[in-house]
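The lines below spell out each chain.
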Protein chains: 2
Amino acid sequence: MKHVLVTGAHGFIGRHLSSHLAKSGFLVSGLGHGIWPESEASRWGVSQWINGDIGPSNLGLLTRQAGTPDIVFHLAGGSSVGAAVQNPREDFHRTVVSTAELLDWMRQHLPLAKLIVASSAAVYGAGHSGRISESAALQPYSPYGRHKHMMEELATGYASDYGLKIAIARLFSVYGPGLRKQLLWDLCAKMESQQGGITLGGTGNELRDWTHVSDVVRGLATLGSVAANSAPVVNIGTGTGTSVHQIAAQMTSEWFRDAPAPSVQFSGHARPGDPFSLIAENASLTKLGFQWEHRLTDGLADYVRWYRQNGRET
Amino acid sequence: MKHVLVTGAHGFIGRHLSSHLAKSGFLVSGLGHGIWPESEASRWGVSQWINGDIGPSNLGLLTRQAGTPDIVFHLAGGSSVGAAVQNPREDFHRTVVSTAELLDWMRQHLPLAKLIVASSAAVYGAGHSGRISESAALQPYSPYGRHKHMMEELATGYASDYGLKIAIARLFSVYGPGLRKQLLWDLCAKMESQQGGITLGGTGNELRDWTHVSDVVRGLATLGSVAANSAPVVNIGTGTGTSVHQIAAQMTSEWFRDAPAPSVQFSGHARPGDPFSLIAENASLTKLGFQWEHRLTDGLADYVRWYRQNGRET
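Going by an unreviewed UniProt entry, chain A carries the name UDP-glucose 4-epimerase and comes from Pseudorhizobium pelagicum. The heading Sequence similarities (unreviewed entry) in the UniProt record of chain A holds the text "Belongs to the NAD(P)-dependent epimerase/dehydratase family." Regarding chain A, the UniProt comment filed under Pathway (unreviewed entry) reads as follows: "Bacterial outer membrane biogenesis; LPS O-antigen biosynthesis."

Pasting the structure below:
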């Protein structure tokens, strides 16, 4: 049985990835922050969970207890542009220092394992329109995006300087059941407690490439299954942009099925660190044989159902 | 009396910079690693020295004891390509983490001070020939150069995201009395213990822009005295490249004045992380009114004299 380590397994994407990998027959270990009772972790397919910093001590503990991983999926790191702007030092430690520790530990103790690094479309930054290819200019313009870029730079350096087998996955706007923040969550919370109209930040015209978490984790697993140097940097995106206006319209009509949906207003002010358009050119991913399965309209309807049933749980 | 903080003041360039600033009328505080008796530190113009990591605790201690700095010169960081290749984690912490800590502390406690970050020509990496301008492609290809690049990226980010007043100085091959490593030191040590011929790594054709430390610290002080946004990134180099062959020929003829100089052989193998040519385009520095004073031939002769008198002291 192949053994995979998922850093940040307790997070939104980490849980879905762990679950998918366990169902695919992997032994899954996890390391990162979060109190996670064993019964809960194993429900998500995680056989062993260590709650703590990514560093030599916890990595050594994990491999002594669970054995040496064949593949490492590095999902730990900052996960909020706004939080990074508020506290850049914290985001730096979560994203950059954790990656530096993981890479150097792998250089010394796990040089033959494959490493999949989950990065973000935020490394592209502003100033792009249309589909963005992996070779496009990297102009991150928030601490969040800068730190993801530094993470990539570290990983690329360890690949070329020390021969580590590394692939970088640039994730776009990942959504799905379990995501308790960002646009869809905020919309549901506002629709639930609706008093008067609904107002969102930004202009509403911002374009994002919405990707369902179930597809994204299959994409990550695909990268884990091919030779690392065959696809060193891969966009995990659908290639289609959808505006916040369109998302809001569908979410409200989904929520208020039997009643007239309220109008959604926009503040008109861009949020700090928020690029206008982030849409993936996904030829590299398609070349690996990957196919998208979840349609956005279905995914949004599912999300509303999930929120109504589970949103308020912790 | 203006107050400056020099991180890494105990290092080769740090000592010379502290001494120069103290003579120019500044109160100089220092923070970084190194056991430095007060009498020794004050001989270099440093009124207060804290031996320790750059972080909120020591930075807070320093300002409580010595007051708030008007200018910070950030010289702390990795200082050896070879050491960085051997232990990239250590170099990452010295260069990148220390900078992240300093920047975030300044964001919170010292937002109006000016920060001069000492970076390196290693950020340009290989593949350049002739004079390299500040806008040239950055292709660092050693962990040392990558980490200096990440340091710059952090600094540039804090300047644009939080309005910190930052200038980046890219240093070339700094030499002078007190430098106890690298080519000149190795050559002197080999000439002193000479048994048979002298052999050096590399091909001998590598080109470097040799800059005397007394000039370099004046260059750094110049950056400290002008508005940070008038010169955000400045090469501190002479614009002239000199090969290792030429350096070795002059050093040996200087050392063996009254006897035939031995021949210097080269291994022919490039050292890891060692670009072929690093020569500065220095129009930005010249525009600030800076003039170079030390000629290389004089500087090398001085170095040999210094080594004979002091080289073996600790």
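Still to come is the rest of the account.
Visitor: Looking at this structure, how should I read the relation of the copies chain A and chain B?
Guide: What connects the two chain copies is a rotation about an axis and a shift along it. Here chain A sits on chain B after a turn of 180° about the axis and a move of 0.0 Å along it, with an RMSD of 0.0 Å. On this basis, the relationship between the two copies can be described by a two-fold rotation axis. Proximity to the rotation axis, assessed at the C-alpha, singles out M150(A) in chain A; its C-alpha lies 3.2 Å from the axis. A shared binding surface is used by both copies, with 100% of the interface residues of chain A retained as interface residues in chain B.

Visitor: In this structure, what is going on with the sheet that holds strand β6 (residues 131–132) of chain A? I would like to understand it.
Guide: Strand-to-strand pairing in sheets goes through backbone hydrogen bonds, with the strands running parallel or antiparallel. All names here are of chain A. Ordered by their spatial adjacency, four strands build an open sheet running β6-β15-β10-β13, and the pairing between neighbours is mixed. Either end of the sheet is taken by a strand with one partner, and the two such strands are β6 and β13 (242–243). Direction of pairing for β6 relative to strand β15 (residues 277–280): parallel, over a ladder of two bridges. Residue R131 lies in a different strand from β15, and its bridge partner there is I279.

Visitor: I would appreciate a short explanation of the sheet that holds strand β12 (residues 233–236) of chain B in the present structure.
Guide: Residue and element names in this part refer to chain B. Pairing in this open sheet of seven strands is parallel, and the strands run β3-β2-β1-β4-β5-β7-β12 from one edge to the other. Looking at the sheet topology across the chains shown, the edges are occupied by β3 (48–51) and β12. Adjacent strand axes in the sheet meet at a mean angle of 20° when their direction is disregarded. In this sheet, strand β5 (residues 114–120) lies alongside strand β4 (residues 71–74) in parallel orientation, the contact comprising four bridges. Residue pairing across strands places I71 opposite K114, the latter belonging to β5. In this fold helix α5 (residues 88–109) packs onto β1 (3–7), β4, β5 and β7 (165–171), with an angle of close to 170° to the strand it touches most, β4. Running at roughly 145° to β5, helix α8 (residues 213–225) makes contact with β4, β5, β7 and β12 of the sheet.

Visitor: I tried to follow the nonpolar core on my own but got confused; where do I start?
Guide: It is characteristic of soluble globular proteins that their nonpolar side chains tend to be buried jointly. Grouped together as the largest cluster of nonpolar side chains are 58 residues, with contacts concentrated most on I13(B), F73(B), L171(B), L187(B), L220(B), I247(B) and M251(B). Discounting chain neighbours no more than four positions away, the residues touching F73(B) are V4(B), L5(B), V6(B), T7(B), L17(B), L21(B), I116(B), L220(B), A221(B) and G224(B). Counting residues in each nonpolar core, the second largest holds 57 residues, with I116(A), A167(A), V174(A) and A231(A) among its members.

Visitor: Which parts of the structure should I look at to understand the packing of aromatic side chains?
Guide: Think of a pair of aromatic rings as described by two things: how far the centres are apart, and how the planes are tilted against each other in angle. Applying the stated criterion across every chain yields a total of 18 aromatic pairs over all chains. Between Y158(A) and Y162(A), the aromatic rings sit 5.2 Å apart at their centres with planes inclined by 40°, giving tilted as the arrangement. Separated by four residues within a single helix, Y158(A) and Y162(A) lie in helix α6 (residues 143–162), roughly one turn from each other. Given a relative accessible area of 23%, Y162(A) falls into the partly exposed group. Here the guanidinium or amino end of R308(B) rests over the ring plane of W255(B), the centre of that ring lying 3.9 Å away.

Visitor: Honestly, the packing of helix α9 (residues 244–255) of chain B against helix α11 (residues 296–310) of chain B in this entry has me stumped. Any pointers?
Guide: In helix packing, the relevant descriptors are the interaxial angle and the interaxial distance, both defined with respect to the helix axes. Residue and element names in this part refer to chain B. In the contact formed by α9 and α11, the axes pass within 10 Å of each other and the chain directions differ by 50°. As summarised for this structure, α9 and α11 are arranged oblique, according to the angle between their axes. The handedness of the crossing between α9 and α11 is right-handed. Between α9 and α11, the residues in contact are I247, Q250, M251, E254 and W255 and L296, T297, L300, A301, Y303, V304, Y307 and R308, respectively. Grouping the amino acids of the contact of α9 with α11 by side-chain chemistry returns nine nonpolar, two polar and two charged.

Visitor: What should I look at first to understand the side chain of Q250(A) in this one?
Guide: All names here are of chain A. Tracing the sequence through the fold places Q250 in helix α9 (residues 244–255). Within the structure, Q250 has its side chain in polar contact with the backbone oxygen of T297 (distance 3.1 Å). Dropping the residues within four chain positions of it, Q250 is found in contact with T297, L300 and A301.

Thresholds applied
Residues numbered from 1 in each chain as written. Chains lettered and ligands numbered in written order. Predicted model: local features only at pLDDT ≥ 70, side-chain atom pairs only at ≥ 80, totals over all residues. Heavy atoms only, no water. UniProt positions renumbered as here; feature names shortened; annotations may be inferred. Least-squares fit on C-alpha atoms with pLDDT ≥ 70 in both. Contact = heavy atoms within 4.5 Å. Pairing = 2+ DSSP bridges. Helix = DSSP H or I, 4+ residues; strand = E, 2+ residues; numbered from the N terminus. Axes fitted to C-alpha atoms, helices over the stretch in contact; angles between N-to-C directions. Core = buried A, V, L, I, M, F, W, Y, C linked by side-chain atoms within 4.5 Å. Buried < 20%, exposed > 50% of the residue type's maximum accessible area, 1.4 Å probe, protein only. Phe/Tyr/Trp six-rings, centres within 6.5 Å; stacked < 30°, edge-to-face > 60°. Lys NZ or Arg CZ within 6 Å of the ring centre and 35° of its normal. Parallel < 35°, antiparallel > 145°, perpendicular 65-115°, else oblique. Left-handed = near helix turned anticlockwise from the far one by under 90°. Nonpolar A, V, L, I, M, F, W, Y, C, P; charged D, E, K, R; others polar. Polar contact = N/O pair within 3.5 Å; in protein donor to acceptor, adjacent residues only side chain to side chain.

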